[in-house]
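# Summary of structural features
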Amino acid sequence: MSEITPELVRHLAGLARIEVTDAEVAQFASQLALIVDSVATVKAAVNDDIKATSHPIPMANVFREDVVRPSLTQAEALSGAAESESGRFKVSAILDAD
Amino acid sequence: MAKDQLMDYQKALETYEVVIGLEVHVELNTNTKMFCGCANVFGDEPNTNVCPNCLGFPGAMPAVNGKAIENSIKIGLALDCEIAATGRFARKNYFYPDLAKNFQTSQYDEPIAFEGKIDIEVPSGKVFTVEIERAHMEEDAGKLTHVGGSTGRIQGAEFSLVDFNRAGVPLVEIVTKPIYGAGDEAPELAAAYVRSIREIVKNLGVSDARMERGNVRCDANVSIRPKGQEKLGTRTETKNVNSLRSIERAVKYEIQRQAQLLSQGTAIIQETRHWHEDRGATSSGRPKSDADDYRYFPEPDLVPVQPSKEWIEQLRATLPEKPAIRRKRLQELWGFSDLEFRDVVNSDLLDEIDDTVKAGAKPQAARKWWTGEVARIANSEDKDITELAITPSQVAQIAELVESGKLTDRLAREVLTGVLAGEGDPAEIVAKRGLEVVSDDGALLEAIDKVLAEQPEVLEKIREGKVQAAGAVIGAVMKAMAGSADAARVRELVIQRATEK
Amino acid sequence: MSFVNKSASELSAMLASKEISSVEITQAQLDNIDRLNPKINSYLTVTHEIALAQAKEVDELRAKGEKLSALAGVPIAVKDNLTTIGIETTAGSKILKGWIPPYNATVVQKILANRMPILGKTNMDEFAMGSSTENSAYGPSLNPWDLKRTPGGSGGGSSSAVASMQAAIAIGSDTGGSIRFPAAVTGTVGVKPTYGAVSRYGLIALGSSLDQIGPVARNVMDAAMLQDAISGPDAMDATSLPESLGSMTEAAKNDSVKGLKIGIIKELTGEGFQAGVSERFQEALDLLVASGAEIVEVSCPSFQYAIAAYYLIQPAEASSNLARFDSVRFGLRVMPEGAATVEKVMAATREEGFGPEVKRRIILGTYALSSGYYDAYYGSAQKVRTLIQADLAKAFEKANVLVSPTAPTTAFLLGEKQEDPLAMYLNDIATIPANLAGVPGMSLPVGLAKEDNLPVGAQFLAPAREDARLYKVGAVLEKLLENKWSKKMMDFAPELRVN
Ligand SMILES: [Mg+2]
Ligand SMILES: [Zn+2]
């Protein structure tokens, strides 16, 4: 059986910045356990001699010229933001108030 | 920890061995950002040098700046590194509001350069070889402004504002291996190392290397262990150290703080710490923990970087000489004593003086002006010398005016003030302010005659051969000429006149 | 007969001969959308004014005698995971509701350059995670062949639109089969080109190393013309192929399969496949053989690990790609109760903005990449890709193209697999290997399954960069089938009566 415990689901959800309800934790834990057991078969399929493929079509050295291209305007940049102020994106305090 | 609670520095070093490690981030001065065509410039209106890519908009993709790769390879070569046959970008995943994609495109297990070394001379003259573990490419984050609470501090802020102009600016992060054996010179070594990195990237022309603008930033890892102990101590990583002086102070502070804690039997916490220039102290930041799981994986939107041997050799051929070699050459060329030269290096004025000499000044004059008057003004204004509005060529012009007798030292200082005030080049200021030395003997003789008439007893003494008595007359004449006279010429004329009469 | 039943190539010819105008076609198309879309939910956004303005413009250019591209004036539907300036782009997610991108995807730019009026943005599973469009935050699309069934996913909006005459052609994206599976279950043609043949710039990423944009159409020629219009190198996408793959339109004019070696993938036939699917599939092969093609059997033993590898790689990449949805620069922001730090705002926004399948995959992907598990999961999965590529390389030594049914079954009932993610993932068994290996694949309709009268698709695969082979074999098989049936696939479709 897999190691997908409710605690692990909470930890992963934290890393992924998703608030999860207790019900979700329980549901994800059981579903993920099944999925992980199933996908874990890849471990048995490979060995150290096999190279990993991260790009399906091998390519290298694709570079861009160091030439300035037009940027967005400030208004375009901020157009989708929930909140902005003084030309900047506005976010809640980063640290908890003590 | 308040400063009076720290362990005495010498005492700390009697008991503990210091190990430091330095991570220096260098911002490259390419025209465009690392992964998009937005302009890489400092100080523009917020969020005007941004595009879908550097804002992390859905669907946007990175495109690698070839010039940034070239510059990174140059840095690697200048640090005697191996250049990777295959380098790859990786994603470093973590959430932070200044990180548009919530991952940083960086390099992980395949950095562009690795296994280098650099010789660093500390103020005592001792030379340490610092080993470089790796130099890798990555992108800078945006800039946060914290609003509310105490000014600009993240603690207690009500909210924060984000400007992504800096997001995506190319960075090269240079990481040293642990540095052992620097002893009580560890703080100086740290500062001297960063100075050398600055010098290298500046001479390579790949970075503006202005620390006050964050072009070069240093994170200092410090750990201590009881002498004789094999196991390394727990280290702290002090961030936000953005001047050479601060690096030295921060490392010293951490040594003393950690020594104090260990001597009390308190364990060191592995954490990031922040340096506060005003208080001269570090404070606790974020603890490092298991939660720091960056889930690195190869950036699927980019293909590997595989620099050819020919390209690497081409770039190697363009490298300027190494700092240590350059220093040796310049000291010989300029004929400075060890003390004079070290003073220049420690004041971080090597480039300025080199450029001033190249602009025509005599080395000693260049040294005198930079380490003397210019440094004094920078100090009194609490500025970095590079922030002053004066160029090496202007300093050379002033030195030349003094050399040719057109300016006295006092007048030259006035010209310097004019240059710093933005009044123009030295020659223009001399003309505008009417500062040129009075070389018209007629005007001088008129003044001399007047003074000699007022002081007949002095005249008598000079005539009797007591030449030193002339000093009083010279002083009065200089005063009468408001300083715009060449004291040596006045002296000549005084003696001539006195003997004539 | 209405314009809306015409194929893109037919419309192209009629436009060129000035038999009809683009405004007429576009208006007819929009009318049909207005009639059907409230029921079928193919489109999330219909852009009436934009489409008609574009149509008017192209008509004016044509009147002036300007040289225009083959598809100029032919209206098109675009999947909602491609950014469009001024047109809401949601990728089927609540977290992007109302987002108006300030930039166009490269493919959208090409569509505009080809002067094809954009009818609207099509429905999809949220962030393309799913095989039925049931994961769309805006409700599922329905299958025009049977409204109780799925039109496939994630591109069920595009497939149902094309199958129900709400567009002649559409853009899809295919990460594990999201073009080909919907094509199979709606009787349409769907192609996933070679990885990198079409720029991904502006495609809201799911699995970056798997994603590929491609055409959705009612026949092979239409798909070919659309692939030609949207493919080519792009400086904005470092993984886009630098070279041209040649003309698919030319390839689709092919009329012979004589001597063509077709490899049947042993692991993708027989057990686990619906009887009616296997029957129609075999029938198609018989037709090809009768026309001179040669059938060989090939084995791809590593395909058995494809789904497992895919469901590690794709969630892993997605977990990172979707991290940007954090409420700061665009999209939804949810303020939690009480004093909120930005971290809490992000977490609350992502909790509310993402649907359950998206959260499930983000957490799975986070796990696959997390320290201590990377090698076992993500690392091993990337090695499986190497094995699959090796299997395919070997198979292509014996055969010019490979073939299998596109999906194990015909369209399933909406709701049937929604509670069982693993069962849902199994739909992709035949389509996933192409994404893992980067090779091109085409799903072509081969008739209706006897037991349910629903469309069956056959999938052809070719080596990387050999997309033309798919169009060559596809064009011939299409013709053989149409001759056999004495009508087109779509002529079997039930007439849609919507109020
Ligand atoms: Mg870094
Ligand atoms: Zn940009």
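Coordinates for the structure precede this section.
Before going into details, it helps to say that this report is about the structure given with it. (Residues numbered from 1 in each chain as written. Chains lettered and ligands numbered in written order. Predicted model: local features only at pLDDT ≥ 70, side-chain atom pairs only at ≥ 80, totals over all residues. Heavy atoms only, no water.)

Attention shifts here to the pattern of salt bridges. Residue and element names in this part refer to chain B. Within the structure shown, the criterion is met by 62 salt bridges over all chains. We note a salt bridge from D351 to K202, for which the minimum N-O separation is 3.3 Å. In this pair, D351 is assigned in helix α8 (residues 350-358) and K202 in helix α3 (residues 186-204), connecting sequence segments 149 residues apart. Note on D351: relative accessible area 11%, which makes it buried. Notably, a salt bridge pairs D409 with K368, separated by 3.8 Å at the nearest N-O pair. Highlighted residues: D409 in helix α11 (residues 409-420) and K368 in helix α9 (residues 363-380), separated in sequence by 41 residues. (Salt bridge = Lys/Arg side-chain N within 4 Å of Asp/Glu carboxyl O. Helix = DSSP H or I, 4+ residues; strand = E, 2+ residues; numbered from the N terminus. Buried < 20%, exposed > 50% of the residue type's maximum accessible area, 1.4 Å probe, protein only.)

Let us look at the coordination of the zinc ion (ligand 2). All names here are of chain B. At this site the zinc ion (ligand 2) is bound by C36 (SG), C38 (SG), C51 (SG) and C54 (SG), with donor distances of 2.2 to 2.4 Å. If you look at the zinc ion (ligand 2), its four donor atoms make angles of 101 to 115° with each other, and the shape they trace is tetrahedral. Mapped onto the polypeptide sequence, the residues donating to the zinc ion (ligand 2) form the spacing pattern C-x1-C-x12-C-x2-C. The pair C36 / C38 is uniform in exposure class, with both members buried. (Donors = N, O, S within 2.8 Å, 3.2 Å for Na, K, Ca; no water. Tetrahedral: all angles 85-135°; square planar, octahedral: opposite > 155°, others 65-115°.)

Below, the discussion takes up helix α16 (residues 487-500) of chain B. Residues and elements named next belong to chain B. Here α16 contains 14 residues, and its C-alpha end-to-end distance of 20 Å stays within 8% of the 20 Å for a straight helix at 1.5 Å per residue. Taken as a whole, α16 has its buried residues at V490, L493, V494 and A498. Here the buried residues of α16 occupy an arc of 130° about the axis, which is enough to place them on one side. Among the structural elements, α13 (441-454), α14 (456-463) and α15 (470-480) are those in contact with the buried residues of α16. (Expected span 1.5 Å × (residues − 1). Arc of directions from axis to C-beta. Contact = heavy atoms within 4.5 Å.)

With that settled, consider the sheet that holds strand β11 (residues 455-461) of chain C. All names here are of chain C. The strand order across the open sheet formed by 11 strands is β1-β3-β2-β4-β6-β5-β10-β11-β9-β7-β8, and the pairing between neighbours is mixed. Taken across any chain shown, the strands that pair with only one partner, and hence form the sheet edges, are β1 (43-46) and β8 (294-298). Taking each pair of neighbouring strands and ignoring which way they run, the sheet shows an average axis angle of 30°. Across three bridges, strand β5 (residues 189-192) lies against strand β10 (residues 441-448) in antiparallel orientation. Residue pairing for β10: G190 is matched across the bridge by S443. (Pairing = 2+ DSSP bridges. Axes fitted to C-alpha atoms, helices over the stretch in contact; angles between N-to-C directions.)

Any link to function would need more than the numbers given here.
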